[in-house]
Each structure stands twice: as C-alpha cells, then as structure tokens.
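Structural description and commentary
Below, each chain spelled out in residue letters.
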Amino acid sequence: MKIGYPCINWMLKATPKKFRLASYSEQRLCESVEWNLYMLEKILSWNLERGFLFFRISSDIVPFASHKVNTFNWQEHFKKKFKEIGDFVRAHGIRISMHPNQFVLINALDEKILERSIAEIEYHCDVLDLMGLDESAKVQIHVGGVYGDKEKAIERFVERYGKLSSRARKRLVIENDDKLFSVSDCLKVSEKTGAPIVFDYFHHLCLNSGESVLDAMQACASTWTKSDGILMVDYSSQKEGFKRGTHIDSIDAEDFKRFLSLAEGIECDVMLEIKDKEKSAEKSLSLIRAFQ
DNA sequence: AGTTGTCAAGCTAGT
DNA sequence: ACTAGCTTGACAACT
C-alpha cells in the first residue's frame, strides 16, 4: 500500500505557480512551468525520504496548458525535465495520479464544453507521457453532470469515452462522487467502457446504494487490470459541524484506523485528500505502522 | 507592507 | 436569483 497526498507540500511551501489569463505571456508561462517542475522534484524526493510513494501532480503544473491562448510548444521545451522527473519516479516505484478539475465533463450537453474537456484530458496525458510513465499512472475524473437524466448522462459518457484517443482511454479512470454518481453508477459506466474506478471512501459514505465499504471497494478493485496497476483509493473524512461532504482539515486517527480495518486484505494505494497535506500523511504512516 | 476583490472553464444543491 | 463547494489559494491591484 503506497500512501500519498495531492499536489501541494506546505512544509516545502511547494504550491504551483500560477498567473491570470490577462497576464499571459510565453515568458510568464515558462517561468511558472520551470518553477513548478523544480518544486515537483523537491516534493518527490522529500516524499521518497519519508516513505510516500504515491503522489498526485497538480493540474496547474502547466498553466493554461489546454487554453487557446497557449500556442507555445511547452511539451518540446520542457521535454528533458519531464523525462528526468519521470526517470526518478520509475526508478523508485512511485505511483502518480492526476485529477483534472470540475470543468472537465465528457458527458456535457454542450459540444464546446466537451471539446475543452478533451483538450484538458489530452494535456494531462501529455504530462504523464512526457514523464515516460506506464498505464498505472492515471488521470481521474468524475462521471460528470446529471442534466436531469442520469441514465442518459451515463449513456453519453460511454459514447464519448469510446471516441477518446487511445492514450486517453489508457489513462482515464472514474471516481465515485458524493452527490451524483455512486460506486454502483460508476460500475455501470465501467462495465461499458472498461474504465477502472477509483474508490473514494469519503464520497462512498456520503452517497451509496447500501453496499458495505468492503463490497464497494472490492467491486472497484476488480475493475483494475494488471496494466492499470492496483486500485487507487481517495481517503478523507467529514469535517464535523460543516455540511456533508466538507473535507476534514487534519486526519481523524480513529476514522483512519476504521478505514484500515475495513480495507484490510484489499491491495490498494491511498491518496489522503486532507487539507493539511503532508502533515496528515505523516500521521497516517505512523498509524499504519501501529496497525500492522 | 498589508488588505481585498477576483480569478479559464460548470454543475448542483442550498439559501 | 445568487452563492458555496468542488482538488482550493494566491495573483494583482488597491490602500
């Protein structure tokens, strides 16, 4: 079981450098990407020293990567650096994921939204391909919107999925969300597309069809083939006193131990989606050691 | 130097 | 009709 956290390391003050569309320039873009790649290297070695072998790379690593304003061939320009980081990742058996944001909706009704979504997915694939990572490095998205008819929304997802590039289909995985598409909905999508399912533990507690965590998790695990690697799990828990679905600021030891016993025996890599990032990740490692 | 409004993109539920 | 929330800060313009 590899443990990781998403995108940011607070201790290293490693947050991706961004800028506004209005300030776009090639120089600004290059400066940002250069910094972001430098920080990514820092994070990955920091992680390795402490035993974190799972990491989610921020979608902001290349600002405006899929925006039409960006005509710069950043892929070519940063090829060497991406490859170098990818070599490090492979040499140490680090697992990588990426998670495009909520604007990526491949079941959108609007063609323009679909077009932008595909461009964004292609960008994420570019990053992982440039790093030279195999198919176990994934790009995770949610099924998307319901648009008043869940069955039709699923059908649209399946149809659109079939038209994606083959490299996108190799990387794309779907994740159950907390409001619209549960694990059982995702299973329907997975059956028809072959896309593996990332099991989101917290989302499953928010939205399910009555299945146990174990059953849901096993069902998700069975959607991953050998080349996909083992099941990816997103872990978080409820921030008490806030509305359902709000992520906790710091890991809840009891809840995490409960998760560990529920997940016992299922091979998986766990991403801790918790606000204080590496701090909770470090706590989780000591909880895991105590658990074993 | 410190504060604050706003940021590429969309959906849904809640006010 | 409008906003918070989502993977959520931090850029950039203003005191």
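As a starting point, this report considers the structure included with it. Here the structure is a predicted model, which is why all the values come from computation and not from measurement.

Conventions adopted
Residue numbers here run from 1 along each chain, matching the order of that chain's written sequence. The lettering of chains begins at A and the numbering of ligands begins at 1, in the order of writing. With the structure being a predicted model, the display of local features is reserved for residues of pLDDT at least 70 and the display and counting of side-chain atom pairs for 80 or more, all residues being used for whole-chain, interface and lining totals. The basis for every side-chain value is the complete set of heavy atoms in the structure, and neither hydrogens nor water enter the calculation. Each axis is a line fitted through C-alpha atoms, and for a helix only the stretch in contact is used; angles between axes span 0 to 180 degrees, taken between their N-to-C directions. Secondary structure elements follow DSSP: runs of H or I of four or more residues count as helices, runs of E of two or more count as strands, with numbering from the N terminus. Oblique is the label for every angle not falling under 35 degrees (roughly parallel), over 145 degrees (roughly antiparallel), or within 65 to 115 degrees (roughly perpendicular). Less than a right angle of anticlockwise turn of the near helix away from the far helix marks a crossing as left-handed, whereas a clockwise turn marks it as right-handed. Contacts are assigned to residue pairs with any non-hydrogen atoms lying within 4.5 Å of each other. Residues were grouped as follows: Ala, Val, Leu, Ile, Met, Phe, Trp, Tyr, Cys and Pro as nonpolar; Asp, Glu, Lys and Arg as charged; and all remaining residues, including Gly, as polar. Any residue with a heavy atom positioned within 4 Å of a molecule or strand is treated as near that molecule or strand. Pairs of N or O atoms within 3.5 Å make up the polar contacts considered here, provided that, within protein, one atom can donate a hydrogen while the other can accept it, and that residues adjacent in sequence are counted only when both atoms are side-chain atoms. Expected helix span is taken as 1.5 Å per residue step, with the number of steps being one fewer than the number of residues. Categorising residues by exposure relies on relative accessible area from a 1.4 Å probe, with only protein chains included: less than 20% of the type maximum marks a residue as buried, more than 50% marks it as exposed, and the intermediate range marks it as partly exposed. Each C-beta atom gives one direction from the helix axis, and the arc is the one those directions make.

Packing of helix α10 (residues 253-263) against helix α11 (residues 278-291) leaves a shortest axis separation of 10 Å and a crossing angle of 50°. When the axes of α10 and α11 are compared, the pair comes out oblique. The crossing of α10 and α11 is right-handed. Together, A253, F256, K257, L260 and S261 of α10 and S284, L287, I288 and F291 of α11 make up the contact between the two elements. Considering only residue class, the contact of α10 with α11 consists of 6 nonpolar, 2 polar and 1 charged.

Near DNA strand C you find 16 residues, and of these T15, R20, S23, R28 and Q102 are the closest. When atoms of DNA strand C within 4 Å of the protein are sorted by moiety, sugar and phosphate together comprise 57%. Side-chain polar atom of H247 to a phosphate oxygen of DNA strand C: 3.1 Å apart, as the coordinates give it. Looking at the surface near DNA strand C residue by residue, the class counts come to 2 nonpolar, 9 polar and 5 charged.

All right, on to α11 then. Between its first and last C-alpha atoms α11 spans 20 Å; for 14 residues at 1.5 Å apiece the expected length is 20 Å, and the two agree. Taken together, the buried positions of α11 are E278, S280, A281, S284, L285, L287 and I288. Buried residues of α11, seen end-on, are gathered within an arc of 165° and therefore sit on one face of the element. In this structure, α11 carries K279, R289 and A290 as exposed residues pointing more than 90 degrees from its buried face. Contacts from the buried residues of α11 go to β1 (3-6), α1 (26-50), α10 and β8 (268-272).

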